[in-house]
Amino acid sequence: LKDKLDELPELPASLLDVDPEALGPLVRDFIGSVFVEMVALLGRRSAQLHRALASLSQGPELTAEPFSLLYQKSLHQSIRGMTLKVFAELDRSLPKLEEQTADVIRGILAEKKTILGRLRRIAERKVRARKIRTHGDYHLGQVLYTGKDFTIIDFEGEPARSMTERRLKQSALRDVAGMIRSFHYAAHGPILLRAVRQGADVDYLEHWADLWYTCVSGTFLHAYIHEVADADFVPEDKEDFALLLETFLLEKAVYELGYELNNRPDWLMIPARGIVQMLR
């Protein structure tokens, strides 16, 4: 950190505002031009995976079907129930957490009404899209880079869910949200798990981590959206697309809070940081 910049690059307003072609030379050099191309390729391959899954028609359990307001209300109730359960567990666990982590969790618990309000929007507005069979547990650990391309593996779905739940058709953007949350873990994990214990300037490092996460996720999204431009399994309307994506990003981050609390409490700050960033 001897060569800190006096003026840090500005963060894009949102993931959907990132234009890979407009990344400045400093940001592109920081991420790495080759890595920018790799992430764009991963976005295209993810879209092509969903196109292939959306084309399945061997039976009703595989064939894509349209969203309905009833489905959206059911989706909302499911996510809301999970959120309330995780928040109750976090509240009970506050005395056992490190003080710094507990402070951040208290802040998130204080925003429960705001979070539930954002999640409620999925039940209030009919979205034009289709449910398809999805990967179900999509993240960086499920893709292998061959040196030229990506191979996607492990299609058994989320291990914590029942087999019946894993076979349900979902929005493709649930997979997209899973990958984006994985980018957040990649960016913030090394800082929150190691650098903070070594006395590093965490605020400075986290700005760069936020920049990497936002630009990499935005590049992935940009390529994905371009590849599914005429597909009917994602909303054509930009507001509906943003609504679904935010809903699934919040759902995934809240799920991660519960998972880390029960399995890796030292990692709890990573999804907590993600939720704080989303609320901003």
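Data block above holds the structure.
The rules we used
- Counting starts from 1 at the beginning of each chain's written sequence and moves along it residue by residue.
- Predicted model: local features are reported for residues with pLDDT of at least 70 only, side-chain atom pairs are reported and counted for 80 or more only, and whole-chain, interface and lining totals are derived from all residues.
- The side-chain quantities take in all heavy atoms of the structure and omit both hydrogens and water.
- All axes are obtained by fitting lines to C-alpha atoms, using only the stretch in contact for helices, and the reported angles, taken between N-to-C directions, cover 0 to 180 degrees.
- Secondary structure elements follow DSSP: runs of H or I of four or more residues count as helices, runs of E of two or more count as strands, with numbering from the N terminus.
- Throughout this description, any angle smaller than 35 degrees is read as roughly parallel, any larger than 145 degrees as roughly antiparallel, any in the 65 to 115 degree range as roughly perpendicular, and the remainder as oblique.
- Handedness of a helix crossing follows the sense of rotation of the near helix relative to the far helix, less than a right angle counterclockwise being left-handed and clockwise being right-handed.
- In this analysis, two residues are considered to be in contact whenever any of their non-hydrogen atoms come within 4.5 Å of each other.
- Amino acids are sorted into nonpolar (Ala, Val, Leu, Ile, Met, Phe, Trp, Tyr, Cys and Pro), charged (Asp, Glu, Lys and Arg) and polar (every other residue, Gly among them).
- Whenever Lys or Arg places a side-chain nitrogen within 4 Å of a carboxyl oxygen from Asp or Glu, that contact is recorded as a salt bridge.
- Any residue under 20% of the maximum accessible area for its type is buried, any over 50% is exposed, and the rest in between are partly exposed; the area is computed with a 1.4 Å probe on protein chains only.
- Here a pair means two rings of Phe, Tyr or Trp (six-membered ring of Trp) with centres within 6.5 Å. Their orientation is stacked below 30 degrees between planes, edge-to-face above 60, and tilted elsewhere.
- In this description, one arc is meant: the one made by directions from the helix axis to the C-beta atoms.
- Residues grouped as a nonpolar core are buried Ala, Val, Leu, Ile, Met, Phe, Trp, Tyr and Cys residues, joined through side-chain atoms within 4.5 Å.
- Patch criteria: residues need more than 30% relative accessible area and no salt bridge. Like-charged residues are merged within 9 Å; nonpolar side chains of Val, Leu, Ile, Met, Phe, Trp and Tyr are merged within 5 Å.
- Using a 1.4 Å probe, accessible areas were evaluated by the Shrake-Rupley method; residue-level cover was limited to the displayed protein chains.
- Charge assignment: positive for Lys and Arg, negative for Asp and Glu; neither His nor the chain ends contribute.
- Here the site of a charge means NZ on Lys, CZ on Arg, CG on Asp, or CD on Glu.

## Notes on the packing of helix 2 (residues 33–54) against helix 8 (residues 202–227)
For step 1, the next point in the chain: For the pair helix 2 and helix 8, interaxial distance at closest approach is 7 Å and the crossing angle is 40 degrees. Classed by the angle they form, the pair helix 2 and helix 8 counts as oblique. Of the two possible hands of crossing, helix 2 and helix 8 adopt the one that is right-handed. Residue-level contacts link Phe35, Val36, Val39, Ala40, Leu42, Gly43, Arg44, Ser46, Ala47, Gln48, His50 and Arg51 of helix 2 to Trp212, Val216, Thr219, Phe220, Ala223, Tyr224 and Glu227 of helix 8.
For step 2, the next point in the chain: Grouping the constituent residues of the contact of helix 2 with helix 8 by class yields eleven nonpolar, five polar and three charged.

## Points about unusual backbone geometry
For step 1, the next point in the chain: Positive phi values are uncommon outside glycine, yet Asp154 reaches one of about 55 degrees.
For step 2, the next point in the chain: Inspection of the secondary structure puts Asp154 in the loop between strand 4 (150–152) and helix 6 (163–166).

## Comments concerning the pattern of salt bridges
Between side chains of opposite charge, a pair can form as their charged atoms come close.
For step 1, the next point in the chain: This model, assessed by the stated rule, comprises 18 salt bridges.
For step 2, the next point in the chain: Where Arg106 meets Glu99, a salt bridge forms, and the shortest distance between an N and an O atom there is 3.3 Å.
For step 3, the next point in the chain: Exposure remark for Arg106: the relative accessible area of 37% places this residue in the partly exposed category.
For step 4, the next point in the chain: Among the salt bridges present, the one from Arg273 reaches Asp210, with a minimum N-O distance of 2.5 Å. Taken as a pair, Arg273 in helix 10 (residues 269–279) and Asp210 in helix 8 lie far apart in primary sequence, 63 residues in all.

## Here we look at the environment of Glu246
For step 1, the next point in the chain: With respect to the helices, strands and loops of the structure, Glu246 is situated in helix 9 (residues 238–263).
For step 2, the next point in the chain: Setting aside anything within four residues of it in sequence, one finds Glu246 in contact with Arg118 and Arg121.

## Here we look at the packing of aromatic side chains
For step 1, the next point in the chain: In this structure the tally under the stated criterion is seven aromatic pairs.
For step 2, the next point in the chain: Seen from their ring centres, Phe183 and Phe220 are 5.6 Å apart, and the 75 degrees between their planes marks the pair as edge-to-face. Placement of the pair is Phe183 in helix 7 (residues 172–193) and Phe220 in helix 8, with a sequence separation of 37 residues.
For step 3, the next point in the chain: Centroid distance Tyr204 to Trp208: 6.4 Å. Interplanar angle 65 degrees. Geometry classified as edge-to-face.

## As for helix 5 (residues 112–120)
For step 1, the next point in the chain: Residues of helix 5 that are buried: Ile115, Leu116 and Leu119. Within helix 5, the buried residues cover an arc of 95 degrees as seen down the axis, which keeps them to one side.
For step 2, the next point in the chain: As for helix 5, its buried residues are in contact with helix 3 (69–93), helix 4 (99–110), helix 9 and helix 10.

## Section: the nonpolar core
For step 1, the next point in the chain: Core analysis: the largest hydrophobic core is formed by 79 residues, its most contacted members being Leu90, Ile105, Ile180, Phe183, Tyr224 and Phe233.
For step 2, the next point in the chain: Here this core takes twelve residues from helix 8, the largest share from any one element.
For step 3, the next point in the chain: Excluding its chain neighbours within four sequence positions, the residues that come into contact with Tyr224 are Gly43, Ser46, Ala47, His50, Ala172, Leu173, Val176, Phe233 and Val234.

## Points about the side chain of His184
For step 1, the next point in the chain: The topology assignment puts His184 in helix 7.
For step 2, the next point in the chain: Beyond its immediate sequence surroundings of up to four residues, His184 is in contact with Gly189, Tyr213, Ile270, Arg273, Gly274 and Gln277.

## Description of a positive patch on the surface
For step 1, the next point in the chain: The grouping of Arg80, Lys112, Lys113 and Arg120 at the surface amounts to a positive patch.
For step 2, the next point in the chain: When residues of the positive patch are assigned to their parent elements, the largest contribution, three residues, is made by helix 5.
For step 3, the next point in the chain: For Arg80, the position within the fold is in helix 3.

## What to know about the side chain of Asp137
For step 1, the next point in the chain: Within the secondary structure, Asp137 sits in the loop between strand 2 (130–131) and strand 3 (143–145).
For step 2, the next point in the chain: Although Asp137 is buried, it makes no salt bridge; Lys252 carries the closest opposite charge, 4.6 Å away.
For step 3, the next point in the chain: When neighbours within four sequence positions are excluded, Asp137 is seen to be in contact with Gln142, Gly157, Glu158, Pro159 and Asp175.

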